[in-house]
Amino acid sequence: MKTADIFLYSPNTNKNADFNMWMAFPGPESFALSSLGYLWMFKNIDELEDVNIEAVYSDTHIAHFKPDELGLIGYSFTFDTDFLTIFSMLEKYKIPLKSKDRGSDFPLIFAGGPVVSANPAPYEEFFDFFIIGDGEDVNLQVVNICKNNRDKNKNELLKMLNELEGVFVPSFPAKSVKKLTKRLEECIYTPIISERAFFKNTFILEVARGCANRCGFCLASYLNLPLRFMPYEDVITAIELGLLHTNKIALLGAQLSAHPQFDKICEHIYKKVENGAKIEMSVSSLRVDAITPDILKTLVATGQKNITLAIEAGSERLRRVINKHLEESQILHAVDIAVNAGLKGFKFYGMIGLPTETMDDIDEMIVLAKRIKDKYKGFNISFGFSTFVPKPNTPFQWCGRENTKSLEEKSAYLKKEMHKLGIEISVSSAKWDYWQAVLSRGDRTFADFIVEIYKSGGKLGAFKAAAKKCNINTDYYALENYPYNKELPWDFIDIRPGKDFLIKESERLLNYNGV
């Protein structure tokens, strides 16, 4: 952070503190400055009078504090391949990768975020402890314990941290760890507005957390249950704060438009535009069946030309299998509203290789695209697809992927048919998604495997070579259908609604027969 940045809190630059820590982000500064969770954690700790916190990124040239001056390092772990950047950062500062090789001269190192909250098992040898779930409150408890007990050795500190709800210490692996779920009593918003952020000078505000739709594949939904909303009055107050400093605002939430007063939030912003305010507003995504003329009117008035809609699958049958209760008539109605509101286009998001998918489902996606293209001349539609990756703590965690060759054939077919229609399409790499699945369902045997991936350069070929060298049967993790009675590496995490519910839900969805 630099003095040109706008701080929406009061950082104390003259602290008389002797406890130092890094809040580390495994990516460039521009990404960190657009990461709401990372910035909010930094802000909360920065407000402590007796703690010096430094933000460190993958492109930080020289850190102010040296590793031997630190009591703690925290890492944000958001994507499965973040370990590559984390390892690179540790080596840059000459910090051993494995916790067993870090003696008393090195600080405790922990991680939090969706990857390790869902399944920390592959990374247990590298971190001293993990934060499981919403970390806003427990982070402060962790910092205070480490700060107030500097006379204790690492093992003693870890014993104390192990007593905290939501903290998992691998060296004490016997206990069940409850996933933390925070009551949303305050608005989470961008505390630092920066020209150098990926989303330049943008005030990001969390309006909702979680998603009640519970799609069978969706970690973001199941990891963040229950669905929670920020109070309307607090949202408006936060928006007004942001608009004092920038005209760019972004509303965040997996089920944003389900906010009971989302129409009123949009109305508030629309009236400001009508009164002459030049506001640019964007939204993370909208549900097809929650789109209204008033919502789109506000988006168009604030400069939004296109929005993203997740329909996931082309056929209503497959959408039912994944628990997406969305009819084709609702999709077409949403396009009607968008065209009438003056929106220029939609980007539809879908997934290839979902459990029970057939080529008929793929063809129905193409038919749907053609129907929209033919009916709405001049309205720009595009499609983005990823391939199914089984995620821990979801009903589809037991489902293996299709093999890569089959997925690539489906991808090529979709691209060919969509291009015939003049529709732009992008598809994620099935090869990379395969390795994401391996990591996602990985276990405690993975430590040397992922070190070898890193040492070999971290490219696609490095994954395959490392698996061969370490004798890891990666097809087992990516492609195998697991029995429901299998003990899973993440079963020790106490996360609602629980494994019994996930089994029943998995059976219900996969056995859907059109009734």
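Source: prediction; values computed, not measured.

So, how was this worked out
- Here, residues in each chain are numbered from 1, in the same order as that chain's written sequence.
- Selection of residues for local features in this predicted model requires a pLDDT of at least 70, selection of side-chain atom pairs for listing and counting requires 80 or more, and totals for whole chains, interfaces and linings are taken over all residues.
- Only heavy atoms go into the side-chain values, all of them from the structure, while hydrogens and water stay out.
- Secondary structure elements follow DSSP: runs of H or I of four or more residues count as helices, runs of E of two or more count as strands, with numbering from the N terminus.
- Put simply, the radius of gyration uses C-alpha atoms, and a globule should come to 2.2 Å times the residue count raised to 0.38.
- By definition, residues are in contact when any of their heavy atoms lie within 4.5 Å.
- For the accessible areas, the method is Shrake-Rupley and the probe is 1.4 Å, while residue cover comes only from the protein chains on display.
- His residues and chain termini do not enter the charge count, which takes Lys and Arg as positive and Asp and Glu as negative.
- For the purpose of locating charges, the reference atoms are NZ of Lys, CZ of Arg, CG of Asp and CD of Glu.
- Two cysteine sulfur atoms make up a disulfide if the distance between them is within 2.5 Å.
- With a 1.4 Å probe rolled over the protein chains alone, any residue whose accessible area is under 20% of its type maximum counts as buried; one over 50% counts as exposed, and the rest are partly exposed.
- Residues form patches when they are more than 30% accessible in relative terms and have no salt bridge. Like charges link within 9 Å. Nonpolar side chains (Val, Leu, Ile, Met, Phe, Trp, Tyr) link within 5 Å.
- The salt bridge criterion pairs a side-chain nitrogen of Lys or Arg with a carboxyl oxygen of Asp or Glu, the two atoms within 4 Å.
- Structural elements are reduced to axes, namely lines fitted to C-alpha atoms, with helices fitted over the stretch in contact, and the angle between N-to-C directions of any two is expressed from 0 to 180 degrees.
- Any angle between 65 and 115 degrees counts as roughly perpendicular, while under 35 counts as roughly parallel, over 145 as roughly antiparallel, and the rest as oblique.
- Crossing handedness is defined as follows: a turn of the near helix away from the far one that is anticlockwise and smaller than a right angle gives a left-handed crossing, while the clockwise case is right-handed.
- Nonpolar residues are Ala, Val, Leu, Ile, Met, Phe, Trp, Tyr, Cys and Pro. Charged residues are Asp, Glu, Lys and Arg, and all others, Gly as well, are polar.
- Any two strands with at least two DSSP bridges between them are considered paired.
- Cavity and pocket criteria rest on a 1 Å grid covering protein atoms alone: a 1.4 Å probe that fits but cannot get out defines a cavity, protein on both sides within 12 Å along at least 5 of 7 lines defines an open pocket, and an atom within 4 Å of a point defines a lining residue.
- Grid points are joined across faces, edges and corners, and a volume is the space filled by probe spheres set on the points.
- Crossovers are described as right-handed under a simple rule: with the strands pointing away from the observer, the path leading from the first strand over the helix to the second runs clockwise.

A. Up close: the overall build of the protein. Scanning the protein for helices and strands turns up 19 helices and 19 strands. Here the protein has a C-alpha radius of gyration of 24 Å; the compact-globule value for 515 residues is 24 Å, and the two agree. Overall, the C-alpha framework of the protein stretches about 70 × 60 × 40 Å when taken along its three principal axes. Long-range pairs, those at least 24 residues apart, make up 75% of the contacts in the protein between residues at least 6 apart in sequence. Roughly 22100 Å² of accessible area belongs to the protein as shown, and the carbon and sulfur atoms make up 50% of that amount. The averaged location of the 67 negative side-chain charges in the protein is 3 Å from the averaged location of its 63 positive side-chain charges.

B. Fine view of the state of the cysteines. Under the defined criterion, the tally for this structure stands at 0 disulfides. Its sulfur unpaired, Cys215 is 6.1 Å from the next cysteine sulfur, which belongs to Cys218. What makes Cys215 buried here is its relative accessible area of 8%. Summary of cysteine pairing: Cys399 is not part of a disulfide, and the nearest cysteine sulfur, belonging to Cys215, is at 14 Å. For Cys399, a relative accessible area of 7% corresponds to the buried category.

C. View of a nonpolar patch on the surface. Together, Phe31, Phe198 and Phe199 line one region of the surface with nonpolar side chains, adding up to about 330 Å² of accessible area. For Phe199, a relative accessible area of 46% puts it in the partly exposed group.

D. Local environment of the side chain of Gln255. Secondary-structure assignment places Gln255 in the loop between strand S13 (248-252) and helix H9 (262-274). Excluding residues within four positions of it along the chain, Gln255 makes contact with Ala208, Gly210, Cys211, Ala212, Asn213, Leu227, Phe229 and Arg287.

E. Region of interest: the packing of helix H16 (residues 447-455) against helix H17 (residues 460-469). Remark: H16 packs on H17, axes separated minimally by 8 Å, with the N-to-C direction vectors making an angle of 140°. Classified by the interaxial angle, the pair formed by H16 and H17 is oblique. Crossing angle aside, the handedness with which H16 passes H17 is right-handed. Taken together, the residues of H17 that come into contact with H16 (itself represented by Phe449, Glu452 and Ile453) are Ala462, Phe463, Ala466, Ala467 and Lys469. Split by residue class, the contact of H16 with H17 holds 6 nonpolar, no polar and 2 charged.

F. Broad picture of the environment of Ile295. Here Ile295 shows up in helix H10 (residues 293-301). As a C-alpha pair, Ile295 and Ala341 span 46 residues in sequence and 9.3 Å in three-dimensional space. With residues up to four places along the chain from it excluded, the contact list for Ile295 reads Phe262, Asp263, Cys266, Leu286 and Ala290.

G. Region of the structure containing H16. Across the 9 residues of H16, 7 count as buried, placing the element largely inside the fold. Tucked into the core, H16 has its buried residues touching helix H3 (82-92), helix H15 (430-440), H17 and helix H18 (474-478).

H. The sheet that holds strand S3 (residues 52-57), seen in detail. Here we have 6 strands laid out as an open sheet, ordered S3-S2-S4-S5-S6-S7, and mixed in their pairing. Across the chains shown, the open sheet's two edge strands, defined by having one partner strand only, are S3 and strand S7 (167-168). Sheet topology note: the strand S5 (residues 108-112)/strand S6 (residues 129-131) ladder contains 3 bridges and is parallel. When the sheet's bridge partners are listed, Ala111 is paired in S6 with Phe130. Most of the contacts of helix H2 (residues 36-46) go to S3, to which it runs at about 160°, and overall it touches strand S2 (20-25), S3 and strand S4 (72-76). Here helix H6 (residues 154-161) sits on the sheet and contacts S5, S6 and S7; the angle it forms with S5, its principal contact strand, is near 30°.

I. Examining empty space enclosed by the protein more closely. What the rule picks out here adds up to 1 cavity of 30 Å³ or more. Each pocket or cavity is described by its volume, and for the largest cavity that value is around 60 Å³. Lining the largest cavity we find Glu312, Ala313, Gly314, Leu318, Met351, Ile352, Glu357, Asp361, Ile362, Met365, Phe385 and Leu414. If you list the elements that add at least two residues to the lining of the largest cavity, you get strand S16 (345-352) and helix H13 (359-375). Here the element with the most residues in the lining of the largest cavity is H13; it accounts for 3 residues. Of the residues belonging to the lining of the largest cavity, the class tally is 8 nonpolar, 1 polar and 3 charged.

J. Seen up close, the pairing of S5. With 5 of its 5 residues buried, S5 lies for the most part within the structure. Residues Leu108, Phe110 and Gly112 point to one face of S5 and Ile109 and Ala111 to the other, with burial holding for every one of them. Sheet topology note: the S4/S5 ladder contains 5 bridges and is parallel. Residue pairing for S5: Ile73 is matched across the bridge by Ile109. For the crossover that starts at S4, traverses H3 and ends in the parallel S5, the hand is right-handed.

K. Looking closely at unusual backbone geometry. Residue Pro226 is bonded to the preceding Leu225 through a cis peptide linkage, with omega at 0°. Relative to the helices and strands, Pro226 resides in the loop between helix H7 (219-223) and strand S12 (228-229). The peptide bond linking Arg496 to Pro497 adopts the cis configuration, its omega dihedral lying at 15°. Looking at the element boundaries, Pro497 is found in the loop between strand S19 (493-494) and helix H19 (499-510).

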